[in-house]
Amino acid sequence: MTIREETAWSADLGGGTRIALIQAGTFRSDAGTLFGPVPRFMWQQLVVDEIDAQGALLQALNCLLVETPAGRVLIETGIGERSDEKTRQRRVIEGPPILAALRAARFDPATVDVVALSHLHFDHAGGLLAADGSAAFPRARIAAQKLEWEFALGDNPRLQASYDQGELRLVEQAGWAGAVDGEAELLPGVTAIRTGGHSGGHQALVVRGHERTVAFFGDLFMRPWSANPRWVTAFDDFPLTSVEVKVRLFRRAVEEGWTVVLSHEARTPVGRLVAERDRYRFEPL
Ligand SMILES: [Zn+2]
């Protein structure tokens, strides 16, 4: 069974709003980096069945297609299809990129009105461009934070390693670098909330139907164990902000009964948060 079949998920949120999980392939990340400040003895049991000989974990590229009466929003674009062979091998990139995954789910990329990105790291913004360098979603407005564009194109060497600046400059030069500033409603019922933390201008996306709300916290909530606000990755540029903002968002998710979709979980990407002592637990649907 492929990952797509196991985890295919969609939901009717009420009031004409529907949401579908689209998995745009997988890649691998170093486990120690993903667990950041957490000592190995506390996490190794959680990943015994998926850690490989190189010490890396399988990371799904989870995207969401949201249909509202006012238009279609795609949340995240994955790695895309423009990586060279060396990069594909190093990152172990596999599976269908976003355009193929959307078409397989019978969504026409040309009908997407807004592409919302939690942040601009290569594994979220890579699918903005099609293989030939043209806009993958020709009709869409891009919604990343203004601050995120500033960090993404900055000259700090650490930033240059986590963003694919050459690709982002192509998007910018095409006049396609759409931005939102702070909290903003992208379409009625779809809200971006600036969080920072994982990256300087990271944002969360919240989709509200009449009956149900789905939240996507980007890389603040990659995998089930990220439910502990103190468990942040070494990829987080501003870890203290990550911890603070996770506490705030997770409390709200519990109080308001939000469904949560994880950014890089392959097998159980959809669930809810449950408050537990001084932390939270992720409970898959
Ligand atoms: Zn990521």
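For the structure, see preceding data.
Draft legend 1. Focus on the overall build of the chain. Counting its secondary structure elements, the chain contains 10 helices and 14 strands. Relative to a compact globule of 285 residues, whose C-alpha radius of gyration would be 19 Å, the chain shows 17 Å and is just as compact. Each of the three principal axes of the chain carries a C-alpha extent, and together these read 45 × 45 × 40 Å. Taking all 285 residues of the chain together, the buried fraction comes to 46%.

Draft legend 2. The environment of Ser226, seen in detail. Tracing the backbone shows Ser226 in the loop between strand E11 (213–216) and helix H10 (239–255). Looking at Ser226, the number of C-beta atoms within 10 Å reads 25, which means it is buried. C-alpha of Ser226 to C-alpha of Phe35: the two residues are 191 residues apart in sequence and 8.8 Å apart in space. Not counting the four nearest positions on each side in its chain, Ser226 is found in contact with Leu220, Phe221 and Trp231.

Draft legend 3. Looking closely at the nonpolar core. If you look at the biggest cluster of nonpolar residues, it comprises 72 residues, and the most contacted ones within it are Leu64, Val115 and Ala116. Those residues within four positions of Val115 in sequence are excluded, and the remaining contacts are Leu74, Thr77, Leu128, Phe137, Ala140, Ile142 and Ala143.

Draft legend 4. Examining the sheet that holds E11 more closely. Spatial strand order, E8-E9-E10-E11-E12-E13-E14: 7 strands in an open sheet with mixed pairing. For this open sheet the edge positions go to strand E8 (184–187) and strand E14 (279–284), each flanked by a neighbour on one side alone. Neighbour-to-neighbour, the strand axes of this sheet turn through a mean angle of 35°, independent of strand direction. Taken together, the 3 bridges between E8 and strand E9 (residues 190–194) define a ladder with antiparallel strand orientation. Of the residues in E9, the one forming a bridge with Ala184 is Ala192. Sitting on the sheet, H10 touches strand E10 (203–208), E11, strand E12 (259–261), strand E13 (270–276) and E14, and the angle it makes with E13 is about 105°.

Quick notes on the rules
- Residues numbered from 1 in each chain as written.
- Predicted model: local features only at pLDDT ≥ 70, side-chain atom pairs only at ≥ 80, totals over all residues.
- Helix = DSSP H or I, 4+ residues; strand = E, 2+ residues; numbered from the N terminus.
- Rg over C-alpha atoms; globule rule 2.2 N^0.38 Å.
- Buried ≥ 20, exposed ≤ 12 C-beta atoms within 10 Å, placed from the backbone.
- Contact = placed C-beta atoms within 7 Å.
- Core = buried A, V, L, I, M, F, W, Y, C linked by C-beta atoms within 7 Å.
- Pairing = 2+ DSSP bridges.
- Axes fitted to C-alpha atoms, helices over the stretch in contact; angles between N-to-C directions.

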